[in-house]
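Coordinate inspection notes
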Amino acid sequence: MGAFVISKRFNDTYKFVFTSRKGKVIFTSQSYELKFEGEEDIVLIQQSIDALVFIKLKSAAGKYYFRLLLGERHLATSRKYTTELRLLKGIEEIKKSAAVSEILDFSENTFVFPD
């Protein structure tokens, strides 16, 4: 089963990623000024799996990726895939497990480096 992982960016905004059961990032959300906005979008994704739209694209370098939309709203962009088959497997992983995936919050972690 995959997981939604919330974290804080260096510019103090928040994001979440959806990871596969193997821990590989499938997509990364847009930036959010407030953490609860991202949490609300995670719940929205989980409750609206059948209404999600996956726009499949190909980069100039020949890599495949998708944009995740709900209605007209762009929620996330996938990682780059080497083949269209892998892209389709990533989409299937979302459809299969996002609704029941756990939410992990790493946004408040502080790291202390030894001297």
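Up top is the structure these notes are about.
This section reports on the structure supplied with the text.

Moving on: helix 1 (residues 35-47). Think of an α-helix as turning once every 3.6 residues; residues three or four places apart then point the same way. Counted at 1.5 Å a residue, the expected span for helix 1 with its 13 residues is 18 Å, and the 19 Å between its end C-alpha atoms agrees. For helix 1, the set of buried residues is Gly38, Asp41, Ile42, Ile45 and Gln46. Within helix 1, the buried residues cover an arc of 140° as seen down the axis, which keeps them to one side.

So, about the pairing of strand 4 (residues 52-58). Bridging between strand 4 and strand 5 (residues 64-70) involves 7 bridges; their strand directions are antiparallel. Its bridge partner being in strand 5, isoleucine 55 is matched across the sheet by arginine 67. Where strand 4 folds back onto strand 5 in an antiparallel hairpin, the turn is made up of 5 residues, including glycine 62, whose phi is positive at roughly 90°.

The topology assignment puts valine 53 in strand 4. The exposure class assigned to valine 53 is partly exposed, which follows from its relative accessible area of 34%. In this structure the C-alpha to C-alpha distance between valine 53 and leucine 68, which are 15 residues apart in sequence, comes to 5.9 Å. In this structure valine 53 touches Arg67, Leu68 and Leu69, once residues within four positions along its chain are discounted.

A ring pair, where both rings are aromatic, is described by two values, the distance of the centres and the angle of the planes. All told, the structure shown has 7 aromatic pairs when counted by the stated rule. Consider the rings of phenylalanine 16 and tyrosine 32, whose centres lie 6.0 Å apart with planes at 15°: the pair is stacked. With a gap of 16 residues between them, phenylalanine 16 in strand 2 (residues 14-19) and tyrosine 32 in the loop between strand 3 (25-29) and helix 1 connect regions that are remote in the sequence. Exposure class is identical for phenylalanine 16 and tyrosine 32. Each is buried. Between phenylalanine 18 and phenylalanine 27 the ring centres are 5.6 Å apart and the planes differ by 20°, which places this aromatic pair in the stacked class. For phenylalanine 18, a relative accessible area of 0% translates into the label buried.

Conventions we followed
Residues numbered from 1 in each chain as written. Predicted model: local features only at pLDDT ≥ 70, side-chain atom pairs only at ≥ 80, totals over all residues. Heavy atoms only, no water. Helix = DSSP H or I, 4+ residues; strand = E, 2+ residues; numbered from the N terminus. Expected span 1.5 Å × (residues − 1). Buried < 20%, exposed > 50% of the residue type's maximum accessible area, 1.4 Å probe, protein only. Arc of directions from axis to C-beta. Pairing = 2+ DSSP bridges. Contact = heavy atoms within 4.5 Å. Phe/Tyr/Trp six-rings, centres within 6.5 Å; stacked < 30°, edge-to-face > 60°.

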